[in-house]
Amino acid sequence: MVRESNFTKLCNTTTLLVVNDSYPGPEIRVHKGDTVFVNVHNQGNYSFTIHWHGVKQPRNPWSDGPEYITQCPIQPGTNFTHEIILSDEIGTLWWHAHSDWTRGSVHGAFIILPAENDTYPFPTPNADQTIILQSWYNGDYKQIIDDALAAGVAPRTADAYAINGHLGDTYGCPNDTIFLMEVESENIYLLRIINAAMNEEQFFTITNHTLIVVAQDASYVRMFTTDYIMISPGQTMDVLVIANQNVGQYYMAIRPFSDSAAQPSEFITTGVFQYTNSEGGLNASLIPLPAMNDTDAMLNFISQIRYANVSQNPTINVPADTDINRRLYIAIATNTMPCNTSECVSDSRFAASLNNVSFVSPRIDILQAYYRNITGVFTQDFPFTPPVFYDFTGNLTDFNTEAGEGTRAIVVNYGDAVEMVLQTTQLGAGGSHPIHLHGFSFYWVGIGTGNFNNETDPSTYNLVDPPLINTVHSPAAGWVALRFFANNPGVWYMHCHFERHSSWGMSTVLIVRNGTTTETSMRPPPSTMPRCPGT
């Protein structure tokens, strides 16, 4: 049940749209391969949708959830039952609202345990603990972005960050609570870490303890040890930690990472990793977090992530060079566009784009329009290369920053082997982007700095054990290369998981045509799909 509820943090009471009166929302626990039915009741003041982040939903885009992409919103006073079909996902995913900025308060963990009689490919933990990293705003999340879009300005930065709804002890309000995880000496704990923050990548650490990364985005990775992790909005990571230090209380902490000129709020938010029967206090000066702009720390961490060749993972199936028959080179940018309403604070407004197309959300969902051949909702002509080639990662001070608007889809055939190179640019504030593709996990096969060179850079690809993920960190002034087989028919959203960028149009839609058989074609829609307003 989704409705408004009051929460007091930073010595301020805020009304939020939440699920079952809780922030974060309830955790869903299932087993690998299950099919799950979730009935979403909207008892709030405005409409929204729910997305099951990282669930591939084979042949079933109808329950994927992004507003006006695969469904119209669930109106106040109505409900909609999602059929969530799991396949090879294993580990930690999450669910969140996918309308405006409502995901800031409407989200929760979606835990996929091993199938019955299956095991973990690492030492069996004594217990697990979900850790959700969040952005806290004093105010209604939807109203914050609505006001910013109307004025053409950037939305304000977060007032605080939270761990499982707790702001910790660094913000100065005596009534704020701190997240406490109690542990037993020598036990092994599996931390299921989810970055649900709105616009902030985050470093995470536990003082004096080693973290062992074992999974990302519901796929096992080769285990490696680290003092910290860097996790982007949308991403999930499974991390083992052994309670093998002296009995006591140790800080866990987060601090944002940013390589953009548009800096997030630089706060450290704390939790406590507390041994049973421990006494004594905590020392904040001992928190070993990298600096907010420590690009080397970010790269050192993500470069260690590799696919794990274990029986619990799907058999690795990276498209080979000779397989690729659809290549996309996509320039990611923040832009401007004319602003000419009475609420505008200047004659230009912030925008964002992929290949200079700033996505415009239609009023009838694209999936329905595609399935029923409704014209005038979208076009099938998203450019496979940038319309203008320029020095993407150079000095663009005098470059034309305007983008064009459109609802333009990428269309591929069932079974196509797709290579997608995402090129970040220095337009606007520059910086990294966490790009999420619905309906798929993809192999992250390459990363580099500067402008992508299609003759020399592919020689650096990792086609042996690239990680299988659903949200990729595309670094500032650089590029990433992704490969996957388009084996899931339907309409699938692709967007930046910084909410301000998605709100400005940094998104597109991937349409995978049906194959030649029933098993390679979309399922028909359920009769209970929410109706679009005015239809």
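Residues numbered from 1 in each chain as written. Predicted model: local features only at pLDDT ≥ 70, side-chain atom pairs only at ≥ 80, totals over all residues. Heavy atoms only, no water.

An unreviewed UniProt entry annotates the chain as Laccase of Gossypium arboreum. Taken directly from UniProt, the Sequence similarities (unreviewed entry) text for the chain runs: "Belongs to the multicopper oxidase family." (UniProt positions renumbered as here; feature names shortened; annotations may be inferred.)

> In this structure, what is going on with the overall build of the chain? I would like to understand it.
Across its full length, the chain holds four helices and 32 strands. Taken against the 2.2 N^0.38 rule, which gives 24 Å for 535 residues, the C-alpha radius of gyration of the chain at 22 Å falls within 12% of a compact globule. With the principal axes as the frame, the chain shows a C-alpha extent of 65 × 55 × 50 Å. Within the chain, the proportion of its 535 residues that are buried is 60%. In the chain, the share of contacts with a sequence separation of at least 24, taken over all contacts with a separation of at least 6, comes to 79%. Carbon and sulfur atoms provide 46% of the accessible area of the chain, an area that totals close to 19,800 Å². In the chain, which carries 24 positive and 49 negative side-chain charges, the distance between the mean positions of the two groups comes to 8 Å. (Helix = DSSP H or I, 4+ residues; strand = E, 2+ residues; numbered from the N terminus. Rg over C-alpha atoms; globule rule 2.2 N^0.38 Å. Buried < 20%, exposed > 50% of the residue type's maximum accessible area, 1.4 Å probe, protein only. Contact = heavy atoms within 4.5 Å. Areas by Shrake-Rupley, 256 points an atom, 1.4 Å probe, with all protein chains shown as cover. Lys, Arg positive; Asp, Glu negative; His and termini not counted. Charge placed at Lys NZ, Arg CZ, Asp CG, Glu CD.)

> I would appreciate a short explanation of empty space enclosed by the protein in the present structure.
Here the idea is plain: a probe the size of a water molecule rolls over the atoms and shows the empty space left. In this structure the tally under the stated criterion is one cavity of 30 Å³ or more. Reported here for the largest cavity is a volume of approximately 60 Å³. Considering the residues around the largest cavity, the lining is formed by Gln216, Met230, Gln235, Met237, Ile302, Ile305, Trp444, Ile469, Thr471, Val472 and His473. For the lining of the largest cavity, the element with the most residues is strand E29 (residues 471–474), which contributes three residues. Classifying every residue of the lining of the largest cavity gives seven nonpolar, four polar and no charged. (1 Å grid on protein atoms, 1.4 Å probe; cavity = no way out; pocket = protein on both sides within 12 Å on 5 of 7 lines; lining within 4 Å. Points joined across faces, edges and corners; volume = space filled by probe spheres on them. Nonpolar A, V, L, I, M, F, W, Y, C, P; charged D, E, K, R; others polar.)

> Even after reading the chapter, I still don't get the environment of Ile84, so can you show me in this structure?
Inspection of the secondary structure assignment puts Ile84 in strand E6 (residues 79–85). C-alpha separation for the pair Ile84 and Thr35, spaced 49 residues apart in sequence, amounts to 5.6 Å. Those residues within four positions of Ile84 in sequence are excluded, and the remaining contacts are Asp34, Thr35, Val36, Val38, Trp52, Val55, Gln57 and Phe110.

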